[in-house]
Amino acid sequence: MNIGFELNGKPTILEIEQRETLAEVLRGRCRLTGVKVSCEAQVCGSCTVLVDDLPVSACTFLAYEVRGKRVTTIEGLADESGRLHPLQQAFLDNFAFQCGFCTPGMILAAKSLLDENSNVTDAEIVAHMNGNLCRCTGYLPILKAIRQAATELRGQK
Ligand code: FES
Ligand code: FES
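Residues numbered from 1 in each chain as written. Chains lettered and ligands numbered in written order. Predicted model: local features only at pLDDT ≥ 70, side-chain atom pairs only at ≥ 80, totals over all residues.

S.K.: Sorry if this is basic, but what is going on with the nonpolar core here?
M.R.: The nonpolar side chains of a soluble globular protein tend to be buried, and buried together. Counting 38 residues, the largest nonpolar core has L22, L26, V49, A58 and A110 as its most contacted members. When residues in this core are grouped by element, the largest group, 7 residues, is from helix α3 (residues 103-116). Both domains that furnish three or more residues to this core are identified here as domain 1 (2-76) and domain 2 (86-156). (Core = buried A, V, L, I, M, F, W, Y, C linked by C-beta atoms within 7 Å. Buried ≥ 20, exposed ≤ 12 C-beta atoms within 10 Å, placed from the backbone. Helix = DSSP H or I, 4+ residues; strand = E, 2+ residues; numbered from the N terminus. Domains from an automatic or database assignment.)

Here you go:
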């Protein structure tokens, strides 16, 4: 089947199989390998992407469901000049990753929170990020990075 959607700001038409997941299509057909697949069971959050600005687990989300919608992956976050999104920069500044496997999903999940409300408490950040697991960092640097990005985004408003 053919599906049309917006992928990282660009109108996109793809021919896909009905049974393909969004992760399979983004990684295999679009070569967007920032979409990381680990558990394949909607448990770890590493495959998180945004569909109409809301986080979904691409490993279990059927690709045809994005017809007519906007999909954002980590590859779509920097601006046109290549400047990193405040969350990407904050993750770098705070060493909020080690192996980096969870990082694209973490950043996109955090973006959905900060797009909604950049005036968040630590408790709200922790609650929102509950579905994104990290084996490496111990989470504190991730919390600090999201806090830093929230402060910057508040300043931009
Ligand atoms: S790979 Fe999708 S939630 Fe773990
Ligand atoms: S940085 Fe390795 S899983 Fe999070």
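S.K.: I tried to follow the packing of helix α2 (residues 86-93) against α3 on my own but got confused; where do I start?
M.R.: Axis angle and axis distance: for two packed helices, these are the angle between their axes and the distance between the axes, and together they describe the pair. Packing of α2 against α3 leaves a shortest axis separation of 10 Å and a crossing angle of 130°. What the angle tells us is that α2 and α3 run oblique. When you trace α2 past α3, the crossing you get is right-handed. Touching L87, Q88 and F91 of α2 are T103, I107, A110 and K111, all from α3. Among the residues making up the contact of α2 with α3, the classes are represented as 4 nonpolar, 2 polar and 1 charged. (Axes fitted to C-alpha atoms, helices over the stretch in contact; angles between N-to-C directions. Parallel < 35°, antiparallel > 145°, perpendicular 65-115°, else oblique. Left-handed = near helix turned anticlockwise from the far one by under 90°. Contact = placed C-beta atoms within 7 Å. Nonpolar A, V, L, I, M, F, W, Y, C, P; charged D, E, K, R; others polar.)

The analysis is restricted to geometry; functional conclusions fall outside its scope.
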